[in-house]
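The primary structure of each chain is shown beneath.
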Amino acid sequence: MSSVFDVQKTIREILLKILDGHSLEQLNKIPDGFNNNIIWNIGHCISSQQVLVYKLSSLPTMVSEDFIAKYRKGTKPEGDVSQAEVDEIRTLLSTTLEKTKNDFESGLFVDYNEYTTSMGFTLRHVQDALDFNNYHEGLHSGIAMSLRKLV
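Definitions and limits used
- In this convention, every chain numbers its residues from 1, walking through the sequence in written order.
- The predicted nature of this model means local features are confined to residues of pLDDT at least 70 and side-chain atom pairs, given and counted, to a pLDDT of 80 or more, with totals for whole chains, interfaces and linings taken over all residues.
- Side-chain numbers come from the whole structure's heavy atoms, not from hydrogens or water.
- The secondary structure listing takes helices from DSSP runs of H or I that are at least 4 residues long and strands from runs of E that are at least 2 residues long, numbered from the N terminus.
- Here a helix's expected span is defined as the number of its residues, less one, multiplied by 1.5 Å.
- Any pair of residues with heavy atoms lying within 4.5 Å of one another is described as a contacting pair.
- Residue types Ala, Val, Leu, Ile, Met, Phe, Trp, Tyr and Cys, when buried and joined through side-chain atoms within 4.5 Å, form a set referred to as a nonpolar core.
- In this scheme, a residue with accessible area under 20% of its type's maximum is buried, one over 50% is exposed, and one in between is partly exposed, where area comes from a 1.4 Å probe on protein chains only.
- Nonpolar side chains (Val, Leu, Ile, Met, Phe, Trp, Tyr) are joined into patches within 5 Å and like charges within 9 Å, using only residues with over 30% relative accessible area and no salt bridge.
- Only the protein chains shown count as covering a residue, and every accessible area follows the Shrake-Rupley method with a 1.4 Å probe.
- Whenever Lys or Arg places a side-chain nitrogen within 4 Å of a carboxyl oxygen from Asp or Glu, that contact is recorded as a salt bridge.
- Here a Phe, Tyr or Trp ring, Trp counted by its six-membered ring, pairs with any other such ring whose centre lies within 6.5 Å, and the pair is stacked when the planes are under 30 degrees apart, edge-to-face when over 60, and tilted otherwise.

Colleague: So what's going on with helix α1 (residues 4-20)? Residues and values would help.
Modeller: Helix length check: α1, at 17 residues, gives a terminal C-alpha distance of 24 Å against a target of 24 Å (1.5 Å per residue), a fit within 8%. Tucked inside the fold, the buried residues of α1 contact α2 (24-28), α3 (38-54), α5 (83-105) and α6 (126-148).

Okay, here's the thing in structure tokens:
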């Protein structure tokens, strides 16, 4: 049986392939009819994972408050991201996954502040957050796959 982290690793590998398969211009392009782009969707996955898993567990995040604010739910790109930021996001795809897995296995997640998502899922424990996060990242990887056909 695969673990929640095996599933997330597969999703993150898909996002990495999309990231590596597109130019900076393509990653930043917002196609007609859309309000975001490929790089926003990937950054949003990282930001959301950090909020759902760490912030709601009252633990420090691996990313800055500015990063979270830029990619949080309800935001959209306010301008093109630089290659340096793309490189940071590329690194964060793996480092946030590995740290979360290690932190979970070491028992770091003790408390969790119950949260009901905009889709109506109530997260009561970190395991709920990890499960929902995979669903959420699956949705956004699908959006990124659709966007790549339009850039």
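Let us keep going from here.
Colleague: If you had to explain the nonpolar core to someone new, which residues and values would you point to?
Modeller: Counting 22 residues, the largest nonpolar core has Leu19, Ile39, Ile42, Ile46, Phe67 and Ile89 as the members making the most contacts within it. Those elements giving two or more residues to this core turn out to be α1, α3, α4 (65-71), α5 and α6. Residue contributions to this core peak at 6 residues, all from α3. Apart from residues lying up to four places away in sequence, Ile46 is in contact with Arg12, Val63, Phe67, Ile89, Leu92, Leu93 and Thr96. With 14 residues, the next largest nonpolar core counts Val4, Leu97, Leu130 and Phe132 among its residues.

Colleague: Explain α3 to me, and be specific about the residues and the numbers.
Modeller: The end-to-end C-alpha distance of α3, which contains 17 residues, comes to 24 Å, matching closely the 24 Å that a straight helix rising 1.5 Å per residue would cover. The element α3 is largely enclosed, with a buried count of 16 among its 17 residues.

Colleague: Could you give an account of a nonpolar patch on the surface, with specific residues and numbers?
Modeller: The grouping of Met119, Phe121, Tyr135 and Leu139 at the surface amounts to a nonpolar patch, some 360 Å² of accessible area in total. Looking at the secondary structure, you find Tyr135 in helix α6.

Colleague: Requested: an account of the pattern of salt bridges, with residues and values cited.
Modeller: In the structure shown here, the tally under the stated rule is 8 salt bridges. Residue Glu114 pairs with Arg124 through a salt bridge whose shortest N-O separation is 3.6 Å. In this pair, Glu114 is assigned in the loop between α5 and β1 (115-116) and Arg124 in the loop between β2 (122-123) and α6, connecting sequence segments 10 residues apart. By relative accessible area, Glu114 is classed as exposed at 53%.

Colleague: Got a sec to walk through the packing of aromatic side chains? Specific residues and values, please.
Modeller: The tally for this structure, following the rule as stated, stands at 6 aromatic pairs. Arranged with centres 4.8 Å apart and planes meeting at 45°, the rings of Phe67 and Tyr71 form a pair that is tilted. Of this pair, Phe67 and Tyr71 both sit in helix α4, 4 residues apart, which is roughly one turn of the helix. On the basis of relative accessibility, which here comes to 1%, the residue Tyr71 falls in the buried class. Between Phe121 and Phe132, the ring centres sit 5.3 Å apart and the planes meet at 50°, which makes this aromatic pair tilted. Of this pair, Phe121 sits in the loop between β1 and β2 while Phe132 sits in helix α6, and the two are 11 residues apart along the sequence. The class for Phe121 is partly exposed, based on a relative accessible area of 38%.

Colleague: Residue-level account of unusual backbone geometry, with values.
Modeller: As a rule of thumb, non-glycine residues mostly have phi less than zero, and peptide bonds are mostly trans rather than cis. Positioned with a positive phi, Ser58 is a non-glycine residue whose angle comes to about 60°. By secondary structure assignment, the location of Ser58 is in the loop between α3 and α4. For Ser58, a relative accessible area of 54% puts it in the exposed group.

Remember that the coordinates give geometry; whether it matters functionally is a separate question.
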